[in-house]
Amino acid sequence: MKILGIETSCDETAVCLIEAKGDHGSNFAFSVLGQGLISQAAMHAEFGGVFPNLAKREHAKNLVPLLERALREAGLTAQAENPTIYGSKFETLLAREPELLAQITAFLAKYKKPAIDAIAVTHGPGLEPALWVGVNFAKALSLAWDLPIVAVNHMEGHIMMSLMAHSHTPKYEGMFMTPFEFPLLSLLISGGHTELLLSRAWMQYERLGETRDDAAGEAFDKVARLLGLPYPGGPEISKLAAEAREKHLQFGESLTRPMMSGYDFSFSGLKTAVRRIVESRPEMTMDEKVALAREFEDTVTDVLVEKTIRAVEEFGAGTVVVGGGVSANTNIRKVLQERLASIGGVSLLIPPPALATDNALMIALAGYFRALKGEYIEPANLAAAGNLRLGN
Ligand code: KG4
Ligand code: ZN
């Protein structure tokens, strides 16, 4: 089965075609046939965060070239002999995306229908204007190529990505699902979300807790800004924190670990605490900033790890998966690994940093597993859902 994944929920535009082999029951083997990804992070850096209308425009501009790249890589760009003109049908679908409409019309006239079985597209959660571009693109392709659509929850994509084991080659040949044990505990930490989910069965989720204000990644991004570091702030803070550890620099004041009880999170007070410190010390030296970055990272790490460990113990989790952009954080990985090792008998699955941030491979994977359950959606019923949630 060949699945085309499409991701436009935030500031990455991504397309990925995967092939799923095996008996479709439990022995899965996946390969990436072709892919394309453009990150807009540098563009949004100017605004210190993701600017929704800019994201939308960039997605609309980049989707067709990325699809073309992915299909070419997959060897699926046979020229059309008698080009079908789909133009009129798309006019309503892509009315709000004139540039995308022009590009897709030209693209479809040029190429034969590729051998693809289904389209998987992120319909939420995320920035609604950005999501709509991917959703409408998927609908247009579905209409032109007569392919079924699977609507994917972006957060489930992060979980599926974390469950994969693969060769560290560019196409991850022979990627398969790592054996794991239920209950499965998922810690999802990204720029928009911070959630702890418990799965007692395959693709079923109970939400244990979530952030009441800022997401973990958002806290990294906002604190980075306070320290004069560029967006996205996570990797920047992480670099400084590592430097502080190396030089044994400790910040004089310790930050309060916010909301340590229960499973919900709150990070906005932490950002305010950092702001107060920065504002009260206009003459902060670079060493002090580096030490403060470390103290901040340690605080976020303590909160995330503490709650995860408590949930592992309370629910007897057999496996912990960590997903989302913040899971690229070395310190969080290390501390969580150490704490779980001290409990024993619990496996920890975290994707390599390159696959921890948003991509379309994770969407194609989640789409495949939803397709196996027959969960296709009528294109007419498919809509962007910015606040879509996983579990209840
Ligand atoms: O999952 P993701 O790519 O996009 C969203 O769906 O939000 O996550 C992006 C977030 C950003 O807030 C970024 O600062 C954070 O992940 N991030 C990190 C690291 N790398 C990325 N945070 C902490 N440490 C990192 N190494
Ligand atoms: Zn994400």
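Values in this document were obtained by computation on a predicted structure and should not be read as measured data.

Trainee: Would you mind going over the side chain of Thr122 in detail, with residue names and values included?
Mentor: You can see Thr122 is positioned in strand E4 (residues 118-124). Polar contacts involving the side chain of Thr122 include one to the side chain of Glu7, which spans 2.6 Å. What Thr122 contacts, discounting residues up to four positions off in sequence, is Ile6, Glu7, Ser9, Leu131, Val135, Val152, His154 and Ile363.

Trainee: Describe the site of ligand 1, listing the residues and the values that go with them.
Mentor: Close to ligand 1 lie 19 residues; Gly191, Asp221, Gly234, Gly325 and Asn329 are nearest. For ligand 1, an oxygen atom lies 3.2 Å from a polar atom in the backbone of Gly217. Asn329 has a polar side-chain atom sitting 3.0 Å from a nitrogen atom of ligand 1. Burial of ligand 1 by the protein chains amounts to 90% of its free accessible area of 550 Å².

Trainee: Let's hear about unusual backbone geometry: which residues, and what values?
Mentor: Between Phe182 and Pro183 the backbone carries a cis peptide bond, its omega angle lying at -10 degrees. One can find Pro183 in the loop between strand E7 (176-177) and strand E8 (184-189).

Trainee: So, the coordination of the zinc ion (ligand 2): which residues are in play, and what are the values?
Mentor: As a benchmark, a tetrahedral metal site with four donors has ideal angles of 109.5 degrees, while an octahedral site with six donors has ideal angles of 90 or 180 degrees. Protein ligation of the zinc ion (ligand 2) involves His154 (NE2), His158 (NE2) and Asp358 (OD), the donor distances falling in the range 2.1 to 2.2 Å. The class of His158 is buried, set by a relative accessible area of 2%.

Trainee: I'd like a description of the pattern of salt bridges, backed by residues and values.
Mentor: Pairing is possible between side chains of opposite charge, provided their charged atoms come close. Within this structure, the stated rule accounts for 26 salt bridges. Residues Arg339 and Glu306 are paired through a salt bridge, measuring 3.6 Å at the closest nitrogen-oxygen approach. One end of the pair, Arg339, is in helix H11 (residues 330-343); the other, Glu306, is in helix H10 (residues 286-315), and 33 residues separate them in sequence. Residues joined by salt bridges that share partners form a network here, namely Asp214, Glu218, Lys222 and Lys271.

Trainee: How would you summarise the packing of aromatic side chains if you had to cite specific residues and measurements?
Mentor: The tally for this structure, following the rule as stated, stands at 14 aromatic pairs. Arranged with centres 5.2 Å apart and planes meeting at 90 degrees, the rings of Trp202 and Phe369 form a pair that is edge-to-face. Placement of Trp202 in the loop between strand E9 (194-199) and strand E10 (206-210) and of Phe369 in helix H13 (residues 361-372) is noted, with a sequence separation of 167 residues between them. Residue classification places Trp202 among the partly exposed positions, given a relative accessible area of 27%. On the basis of relative accessible area, Phe369 is assigned to the buried category, the value being 1%. Ring pairing ties together the aromatic residues Phe28, Phe30, Phe180, Phe182, Trp202, Tyr368 and Phe369, which thus form one cluster.

Trainee: So, the state of the cysteines: which residues are in play, and what are the values?
Mentor: Structurally, a disulfide amounts to a covalent bond that connects the sulfur atoms of two cysteines. What the rule picks out here adds up to 0 disulfides. For the unlinked cysteine Cys16, the closest cysteine sulfur is that of Cys10, found at 19 Å.

Trainee: A description of the nonpolar core should follow, citing residues and the corresponding values.
Mentor: Judged by nonpolar contacts, the single largest core of 49 residues is most densely connected at Leu185, Ile237, Phe267, Leu292 and Phe296. When contributions to this core are tallied by element, the ones reaching two or more residues are E8, E9, helix H7 (216-226), helix H8 (233-246), helix H9 (268-280), H10, strand E11 (319-323) and H11.

Trainee: Run through the sheet that holds strand E5 (residues 149-153), naming residues and quoting values.
Mentor: Taken in spatial order, the 5 strands of this open sheet run E3-E2-E1-E4-E5, and their pairing is mixed. Where the open sheet ends on each side, the last strands, each with one partner, are strand E3 (28-39) and E5. Between one strand axis and the next, the sheet turns by 25 degrees as a mean value, whatever way the strands run. In the sheet, strand E2 (residues 12-22) pairs with E3 via 11 bridges, with the strands oriented antiparallel.

Trainee: Can you break down the pairing of E10 residue by residue, with the values?
Mentor: Relative to E10, E9 runs antiparallel, the two sharing 4 bridges. Residue pairing for E10: Leu196 is matched across the bridge by Gly209. Connecting E9 to the next strand, E10, in antiparallel fashion are 6 residues, including Met203 with a positive phi near 65 degrees.

What counts and what doesn't
- Here, residues in each chain are numbered from 1, in the same order as that chain's written sequence.
- Chain labels run from A onward and ligand labels from 1 onward, assigned in the order the entries are written.
- The predicted origin of the model limits local features to residues at a pLDDT of at least 70 and limits the giving and counting of side-chain atom pairs to 80 or more, whereas totals for whole chains, interfaces and linings rest on all residues.
- The side-chain figures draw on all heavy atoms in the structure; neither hydrogens nor water molecules are used.
- Numbering of helices and strands runs from the N terminus; a helix is a DSSP stretch of H or I covering at least four residues, while a strand is a stretch of E covering at least two.
- Under the rule applied, a polar contact is a pair of N or O atoms within 3.5 Å (in protein, one hydrogen donor and one hydrogen acceptor; residues adjacent in sequence only if both atoms are side-chain atoms).
- It only takes one pair of heavy atoms within 4.5 Å for two residues to be counted as in contact.
- Near is defined per residue: the residue qualifies when any heavy atom it owns lies within 4 Å of the molecule or strand.
- All accessibility values rest on the Shrake-Rupley procedure with a 1.4 Å probe; residue burial counts only the protein chains present in the view.
- In this description, a donor is an N, O or S atom within 2.8 Å of the metal centre, a cutoff extended to 3.2 Å for sodium, potassium and calcium. Water is not part of the atom list, which can make sites seem incomplete.
- Partly exposed residues are those whose accessible area sits between 20% and 50% of the maximum for their type, while under 20% is buried and over 50% is exposed, using a 1.4 Å probe and protein chains only.
- Each salt bridge in this description consists of a side-chain nitrogen of Lys or Arg and a carboxyl oxygen of Asp or Glu lying within 4 Å of one another.
- Whether two aromatic rings pair depends on their centres lying within 6.5 Å, for rings of Phe, Tyr and Trp, where Trp uses its six-membered ring; planes under 30 degrees apart make the pair stacked, over 60 edge-to-face, and the rest tilted.
- Any two cysteine sulfur atoms within 2.5 Å of one another count as a disulfide.
- The definition of a nonpolar core used throughout is a set of buried Ala, Val, Leu, Ile, Met, Phe, Trp, Tyr and Cys residues joined through side-chain atoms within 4.5 Å.
- Two strands are counted as paired when DSSP detects at least two bridges linking them.
- Here, axes are lines fitted to C-alpha atoms. For helices the fit covers the stretch in contact, and angles between N-to-C directions go from 0 to 180 degrees.

Remember, this is a structural readout, not a statement about activity or role.
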